Amino acid sequence: MTLEYTLLEKDYLDHQLYVSTQSARARKTRLMGRLGLPLMMAIFLLTEMISGDYRLTIFYLLFGLLWYWLYGYFQAWFYRWHFARHVKETFAENFGIPMRMEITDVEIQTYDAGSEVKVLLSEIKSIDEIPSIILVILKGGGSLILPKERIAELDTLRTRLQEIANSLGITYERKDDWKWK
């Protein structure tokens, strides 16, 4: 099976955002950022309640709640901004370059203007499909990004990738409801 496509900035950004949501370390960091200040405010709130100063108690309560509710929006915006800058700095030369991928019974070969990559099918860890891209995740930590909107034979590709996943005993996950938050 042969595919021809191009990767755009959005594809690389979606890949970075998706990978960050799958990382336990990144999830823990985001959770600690969201909960750290409200927990500190709860401690201050308790000390002020014990001392009897309810004006500061109300301030700490409101500030902690506002932080908890609003921090998620700020954090999502900040991470998106950070990853967008990273993608522009790192992958800008790859945007819009025509690529060709050949999937055989043994390997996946990708070609662009200046390089060729061969990956044995046995090196595939999993295959994840999110609304905009399909990711062939490799055991070494890399990924092959396939933009769904620019692949003409998408249904044929899905079928072929599901066959590969079944033959290798790996997962093919469709996460149609995934979105960056």
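Being a predicted model, the structure only gives us computed values, none of them experimental.

**A closer look at the pairing of strand S1 (residues 2-6)**
- Burial along S1 is one-sided: Leu3 and Tyr5 are buried, while Thr2, Glu4 and Thr6, pointing the other way, are not.
- The pairing of S1 with strand S2 (residues 98-103) spans 5 bridges and is classified as antiparallel. Bridging from a neighbouring strand, Thr2 pairs with Glu102 of S2.

**Here's the deal with the pattern of salt bridges**
- Per the counting criterion, the structure on display carries 14 salt bridges.
- For the salt bridge of Glu102 with Arg100, the shortest nitrogen-to-oxygen distance reads 3.3 Å.
- We note a salt bridge from Lys148 to Glu129, for which the minimum N-O separation is 3.0 Å. With Lys148 in the loop between strand S7 (143-147) and helix H4 (154-168) and Glu129 in strand S5 (residues 124-129), this pair connects stretches of sequence that are 19 residues apart. Here Lys148 and Glu129 have matching classes, each one buried.

About the thresholds
- Residues numbered from 1 in each chain as written.
- Predicted model: local features only at pLDDT ≥ 70, side-chain atom pairs only at ≥ 80, totals over all residues.
- Heavy atoms only, no water.
- Buried < 20%, exposed > 50% of the residue type's maximum accessible area, 1.4 Å probe, protein only.
- Helix = DSSP H or I, 4+ residues; strand = E, 2+ residues; numbered from the N terminus.
- Pairing = 2+ DSSP bridges.
- Salt bridge = Lys/Arg side-chain N within 4 Å of Asp/Glu carboxyl O.

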